[in-house]
Amino acid sequence: MSHLRPLENEEINDAEILERFKHYENTRGFTPNSIRTMARRPNIVKHFMALNQAVLYEGTVPEELKMLISLISSYSAGCLYCQSHMANLSSIYNAPDHKIAAIMDYETSDIFTHAERAAIDVGFKSCQTPNQVTQKEFDELAKHFDDEQIVEIVASIALFGYLNRWNDTMATTLEHLAKERADHLLGSKGWTAGKHEAAAE
């Protein structure tokens with residue numbers, strides 16, 4: 001259960017924020033509780049939402065791959081909340097269920113392309129402590145992506161550095177739909193909601 005209660009729409013007096021919430025409802029089926037909690041500081045949530053849009057939904061790296069990179073980064077960092085969200089978003093952006101479920105097998109599974117493997121590997125290794133990315137990983141990335149795309153990939157990882165710390169620290173309560181999707185997509189691999197489980201009603 002979250003350390004801070006997410007705000008309801010009725011508690012937010014900012015049309016720009018509420019308009020963006022509609023977008024989340026339309027694309028995901030809900031507005032993330034992480035964003036609802038962040039909305040206590042309107043400038044923080046507005047700038048975060050703008051950064052999220054620029055990083056994940058603009059550029060030339062396929063959205064599906066950015067979602068998978070964000071998923072593996074969240075696995076590596078240990079954030080169960082973000083794992084559930086990125087499994088859900090990976091599915092929304094056309095990653096097949098079996099690929100999402102096999103994300104931890106990216107090094108050996110033949111369902112991942114060489115380009116996907118290179119990007120996912122950086123996502124996984126960069127979230128270790130200490131960071132495990134070396135020139136070798138960048139040399140492999142450069143075989144498949146140009147410099148601008150590498151910036152997109154690292155930006156996706158860095159974005160989730162923020163979100164992983166936010167949600168793991170806040171113990172953000174997981175939304176019902178996100179939990180349902182994660183149970184379906186990741187449950188067989190041992191995923192649980194952990195401290196993000198909603199309180200029993």
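All figures in this text were calculated on a predicted structure; none of them were measured in a lab.

With that settled, the discussion passes to the overall build of the chain. If you tally the helices and strands in the chain, you get ten helices and zero strands. The secondary structure elements of the chain, listed N-terminal to C-terminal, are α-α-α-α-α-α-α-α-α-α. The C-alpha radius of gyration computed for the chain amounts to 17 Å, which stays within 12% of the reference 17 Å derived for 201 residues, consistent with globular compactness. If you line up the chain on its principal axes, its C-alpha atoms span 50 × 35 × 30 Å. Burial status across the chain gives 48% buried among its 201 residues. Intrachain contacts of the chain at a sequence separation of at least 6 include 68% that bridge at least 24 residues. Summing over all exposed atoms, the chain offers an accessible surface of approximately 9800 Å²; the carbon and sulfur share of this is 53%.

Attention now moves to the packing of helix H4 (residues 63–77) against helix H5 (residues 80–92). Packing of H4 against H5 brings their axes to within 9 Å, and their N-to-C directions diverge by 160 degrees. Classified by the angle their axes make, H4 and H5 are roughly antiparallel. Considering only the axes of H4 and H5, their crossing is left-handed. Across from Met67, Leu68, Ser70, Leu71, Ser74 and Tyr75 in H4, the residues of H5 making contact are Cys82, Gln83, Met86, Ala87, Leu89 and Ser90. Considering only residue class, the contact of H4 with H5 consists of eight nonpolar, four polar and no charged.

With that settled, the discussion passes to the side chain of Gln83. When you line up the elements, Gln83 lands in helix H5. Note on Gln83: relative accessible area 4%, which makes it buried.

Cut-offs applied
Residues numbered from 1 in each chain as written. Predicted model: local features only at pLDDT ≥ 70, side-chain atom pairs only at ≥ 80, totals over all residues. Heavy atoms only, no water. Helix = DSSP H or I, 4+ residues; strand = E, 2+ residues; numbered from the N terminus. Rg over C-alpha atoms; globule rule 2.2 N^0.38 Å. Buried < 20%, exposed > 50% of the residue type's maximum accessible area, 1.4 Å probe, protein only. Contact = heavy atoms within 4.5 Å. Areas by Shrake-Rupley, 256 points an atom, 1.4 Å probe, with all protein chains shown as cover. Axes fitted to C-alpha atoms, helices over the stretch in contact; angles between N-to-C directions. Parallel < 35°, antiparallel > 145°, perpendicular 65-115°, else oblique. Left-handed = near helix turned anticlockwise from the far one by under 90°. Nonpolar A, V, L, I, M, F, W, Y, C, P; charged D, E, K, R; others polar.

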